[in-house]
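Architecture and fold: a report
Listed here are the chains, written in short residue letters.
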Amino acid sequence: MSSTTQAKSASPFLQFFKQDARHFQIVYLSIFLIYGIFWLGWAGQHFESVTQYLLIIGVCLIAQAIGIHFTTKDFRGLKSALITALGLCLLCKANSSWTLVLAAATAIGGKYLIRYKGKHVFNPANMGIIMAIIISGLVNFSQYDRFVPDAWVSPGQWGSDVIMLFVLGAMGSIVLLRVGRLDTSLAFIGTFASLVILRDMVYLGETDWRIPFHTLTNGSLLLFTFFMITDPVTTPNAKWARIAWAVAIAVISFGLTIDAFSLDVRVHAAPIYTLFALAPITALLDRYFKGKKFSWYE
Amino acid sequence: MLNGTALSFTIQSSKITLMRQPIAFFLLSCLAFAQASAFCGFYVAKAGAQLFNKTSQVILVRQGDQTVVTMQSDYEGELKDFAMVVPVPEILRRDQIRIVESDLFDKLDHFTGPRLVEYHDEHPCYGESRFDAVVITDQSALDSVEGGLEKKAKYGVTVEAIYDVGEYTISILSATESNGLKKWLTQNGYKIPSKASKILAPYIQNGMKFFVVKVNLEKMKAADSHQLRPIQMTFRSEKFLLPIRLGMANAKADQDMIIHAFSDQGRVEPTNYRNVEIPADEEIPEYVEERFGAFYKSVFDKVWEEEGKNVVFTEYAWDLSADNFLKCDPCPSEPPAYSMLREAGVFWLLEGNDGPGANADYEGNVFLTRMHVRYNRKTFPQDLSFQVTPNKDQLQARYVIRHPVLKDDLDCKEGKEYLMSLNMQRFKALGTLEWLTGWEEPLVEEGYVEEVFECMRRNMNHSSWHEKTPEKDQNEGIPFWMYLLGAIVLWAIFQNFFASSWRWKV
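Heads up: these notes are all about the structure in this document.

Calculation criteria
Residues numbered from 1 in each chain as written. Chains lettered and ligands numbered in written order. Predicted model: local features only at pLDDT ≥ 70, side-chain atom pairs only at ≥ 80, totals over all residues. Heavy atoms only, no water. Phe/Tyr/Trp six-rings, centres within 6.5 Å; stacked < 30°, edge-to-face > 60°. Helix = DSSP H or I, 4+ residues; strand = E, 2+ residues; numbered from the N terminus. Buried < 20%, exposed > 50% of the residue type's maximum accessible area, 1.4 Å probe, protein only. Lys NZ or Arg CZ within 6 Å of the ring centre and 35° of its normal. Salt bridge = Lys/Arg side-chain N within 4 Å of Asp/Glu carboxyl O. Polar contact = N/O pair within 3.5 Å; in protein donor to acceptor, adjacent residues only side chain to side chain. Contact = heavy atoms within 4.5 Å. Core = buried A, V, L, I, M, F, W, Y, C linked by side-chain atoms within 4.5 Å. Domains from an automatic or database assignment. Buried area = accessible area lost by both parts, 1.4 Å probe.

Residue and element names in this part refer to chain B. Here the structure, examined in full by the defined rule, presents 20 aromatic pairs over all chains. An angle of 80° between the planes, with centres 5.1 Å apart, marks the rings of F295 and Y399 as edge-to-face. In this pair, F295 sits in helix α6 (residues 292-306) while Y399 sits in strand β22 (residues 398-403), placing the two residues 104 residues apart along the sequence. What makes F295 buried here is its relative accessible area of 0%. Ring geometry for F300 and F313: centres 5.1 Å apart, planes at 65°, overall edge-to-face. Taken as a pair, F300 in helix α6 and F313 in strand β16 (residues 311-319) lie far apart in primary sequence, 13 residues in all. In this structure, F300 and F313 share a single accessibility class: buried. Every member of this aromatic cluster is reached through a ring pair, and the members are F292, F295, Y296, Y399 and W439. Sitting over the ring of W304, R374 keeps its end group 4.9 Å from the ring centre.

This brings us to the pattern of salt bridges. In total, this model carries 27 salt bridges over all chains according to the counting rule given. Among the ionic pairs, B:E343 bridges to B:R98, the shortest N-O distance being 3.2 Å. Of this pair, B:E343 sits in helix α7 (residues 338-344) while B:R98 sits in strand β5 (residues 97-99), placing them 245 residues apart in sequence. Given the relative accessible area of 33%, B:R98 is considered partly exposed. For B:R374, the salt bridge identified is with B:D301, shortest N-O distance 2.7 Å. A residue pair is termed long-range when its members are at least 10 positions apart, and B:R374 in strand β19 (residues 367-375) and B:D301 in helix α6 qualify at 73 residues. Take B:R374: its relative accessible area is 8%, and that puts it in the buried class. Residue classification places B:D301 among the partly exposed positions, given a relative accessible area of 27%. Several salt bridges converge on common partners, so that one network encompasses A:D20, A:R22 and A:K79.

Further remarks concern the side chain of A:T234. All names here are of chain A. Turning to its location among the elements, T234 is positioned in the loop between α12 (219-228) and α13 (239-257). A polar side-chain atom of T234 sits 3.0 Å from a polar atom in the side chain of D231. With sequence-adjacent residues up to four places away left out, T234 is seen in contact with H120, V121, F122, N123, W245 and T282.

The biggest cluster of nonpolar side chains holds 79 residues, and the ones touching the most others in it are A:F32, A:L88, A:I129, A:F188 and A:L223. Residue contributions to this core reach at least three from each of two domains, namely domain 1 (20-153) and domain 2 (158-298) of chain A. B:I99, B:I172, B:M233 and B:V373 belong to the second-largest nonpolar core, a separate cluster that totals 43 residues.

Opposite the 44 residues of chain B that make contact, chain A presents 42 residues. Carbon and sulfur atoms supply 45% of the area that chain B and chain A bury against each other, a total of about 3400 Å² over both sides. In this assembly, chain B and chain A are joined by 2 salt bridges. Its salt-bridge partner being B:D264, residue A:R146 comes within 2.4 Å of it at the nearest N-O pair. For the pair chain B and chain A, the number of links is 13 residue pairs in polar contact (both at pLDDT 80 or more). Secondary-structure elements contributing two or more residues to the side of chain B that touches chain A are β2 (55-63), α4 (196-205), β13 (268-270), β14 (274-277) and β20 (384-388) of chain B.

In this structure, B:D264 sits in the loop between β12 (255-263) and β13. Sequence separation between B:D264 and B:L320 is 56 residues; the distance between their C-alpha atoms is 9.5 Å. Dropping the residues within four chain positions of it, B:D264 is found in contact with A:Y144, A:R146, B:R62, B:Q63, B:W348 and B:N365. Within the structure, the side chain of B:D264 is placed 2.9 Å from the side chain of B:Q63, a separation counted as a polar contact.

Turning to the environment of B:W318, a few remarks are in order. Residues and elements named next belong to chain B. If you trace the backbone, W318 turns up in strand β16. Taking the C-alpha atoms as reference points, W318 and L395, separated by 77 residues in sequence, lie 6.5 Å from one another. When neighbours within four sequence positions are excluded, W318 is seen to be in contact with N324, L326, K327, C328, D329, V366, F367, L368, Q394, L395 and Q396. A distance of 2.9 Å separates a polar side-chain atom of W318 from the backbone oxygen of L326.

What follows is the structure in structure tokens.
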């Protein structure tokens with residue numbers, strides 16, 4: 001038996017690794033997190049908040065294990081929970097550890113509780129961030145007499161380096177090519193970038209290209225583009241529906257940041273809100289535009 | 001040559017100020033807090049904003065969509081040539097503009113700036129400790145006085161309002177076209193940097209108004225004043241921005257800016273630039289005390305270089321809420337009182353408890369963040385944008401020195417151990433100094449390491465030093481086999497009661 005498998009492939013590990021696109025995703029997101037902790041100093045001088053990351057990962061895995069136990073009993077699904085957890089670590093910050101537990105629990109809980117035709121409706125990490133913001137904001141209402149959430153998205157932890165565009169873009173593309181969702185990313189970032197460039201260079205009459213570029217190379221925005229909006233399970237199945245959906249998210253996100261509406265929504269956070277708001281439309285699009293339902297195991 | 005508040009461009013060249021290194025020796029006020037004193041150490045020196053050339057300071061206060069901005073100019077030229085232009089989101093009314101006391105910034109800078117703390121080691125054998133004290137040195141000055149503003153409306157520029165506020169004449173302009181605004185300003189005696197109109201255009205397109213300040217020379221003469229006090233404006237805007245681009249229009253050199261930001265939730269952080277905490281809470285060699293200013297400057301230079309020069313540094317973050325007992329640790333000066341916070345624009349605070357047992361003479365939540373930006377046109381293409389976060393993690397740029405006990409009477413076992421550990425600690429502190437400052441030869445003071453050896457040699461003849469350390473008590477703690485037994489019992493319980501229902505299906 002051993003001789004046949006050895007002849008078939010030199011590295012069984014590599015073969016196993018290539019089976020599932022989520023393996024790539026886990027590796028890349030972990031690299032970003034480690035880079036953030038050690039090079040960008042996210043965990044503070046003395047790594048105090050590393051425990052917060054471990055907490056998010058722990059809660060996500062446990063919640064998913066419970067979910068799996070009562071549903072499919074297929075524990076390969078834990079990989080998805082790990083991706084969600086890493087996504088939350090990279091995007092969501094909170095003052096209190098309880099808010100992080102809430103984010104992690106609602107992220108996974110939403111997956112099992114809010115479903116339509118065998119697909120969960122909301123992107124789990126997105127759902128976690130939004131629910132943490134909304135619920136903690138409501139809880140804090142009595143203390144501040146206004147909506148003051150305990151969770152926030154911190155684009156300041158990433159900075160805006162052009163190199164980030166290449167690294168996040170390239171790594172994201174590898175994953176997306178395997179999953180077949182690169183179209184979503186490109187449609188989103190293409191539309192969003194065109195709008196930002198049009199506003200800055202044409203409407204406002206800036207002369208320096210670095211100004212729109214600085215906005216577009218923000219780490220949080222790129223992470224959203226290549227690792228959040230592309231989740232194959234929560235995007236429409238049909239290709240053109242998917243592209244239209246991504247364009248809609250880009251247009252609405254951009255609209256939220258326009259001065260005229262005077263909403264205090266930052267460029268980096270707007271897509272996260274918009275994705276949440278437009279998630280239910282996915283179900284609608286799936287109904288009218290038939291496409292093959294995505295499965296991780298093919 | 002550009003100078004002045006970062007938000008603006010001020011006109012006229014200025015001499016580059018020589019670097020001042022105010023070093024203040026201060027008796028620690030946090031000794032008053034009984035609980036805190038154990039951790040306090042003594043505050044000995046600071047490295048404030050005056051350390052850096054061309055440093056402007058700004059106070060930002062933000063709650064909801066209400067923003068209060070206070071700017072201090074570091075302008076040092078002829079007063080008649082002083083002018084600054086700041087983009088603002090709306091036409092400000094007279095009651096939205098105030099002049100505040102000029103020592104406000106010094107007080108804040110002093111309170112939040114990088115600090116050096118000293119600890120006196122106790123005598124390892126007797127536990128006695130000694131305190132040193134107390135001199136204050138600090139000085140800041142501003143030049144003085146003359147100018148005027150002509151009221152006109154052409155080139156698409158409308159003078160929406162003119163106010164006399166203190167020593168200033170302030171005009172609020174709206175413009176339809178950047179070249180027009182540039183011409184208008186030039187005609188009215190402002191020397192506008194050649195690149196300014198390019199930068200003005202996007203602000204005009206965005207519907208921003210322009211807050212134009214000149215010195216009212218007659219008033220200054222009448223009041224016999226020579227100071228340009230900080231200007232404070234209050235307005236509502238969803239955007240939480242600090243326009244820095246005008247200030248960079250003609251400047252090639254790097255400019256430093258200190259931002260003191262108040263919120264009622266937690267830290268204020270930049271959203272469009274990376275935010276990094278300054279490395280702090282490290283033990284450094286004793287002799288750095290004399291050159292603490294130069295030390296901190298090197299620390300900042302090094303970390304600024306390493307992080308890519310396009311980063312906003314957080315130097316201080318502290319919860320000053322009325323119910324937070326520990327207002328600072330240690331305190332370089334008295335924690336801000338109600339009057340000072342109100343002066344800074346913290347409008348939501350209520351005057352309150354000043355009785356015994358009260359932590360503060362105000363009621364409400366305040367969180368103070370100090371950020372330090374060194375920017376130039378190349379590395380900071382966009383204006384600074386901020387957000388208030390609920391992040392209450394506290395931080396201070398605090399460095400620690402230890403005064404050792406190097407005496408001849410260390411006649412005890414602990415004395416020997418003390419000198420050994422002191423030796424290690426000094427090597428470590430030297431390493432830290434080199435790591436923090438990047439000083440190639442970390443300026444080792446003559447005999448800094450040797451004096452510990454010297455002290456060891458002097459104490460060698462003590463009998464206690466040659467005593468054999470007694471054998472470790474064998475009966476201490478739980479023996480190893482108990483752990484093992486416990487583990488086996490737990491495993492047995494688990495096997496019997498839970499294991500059957502606990503099976504992973506993978």
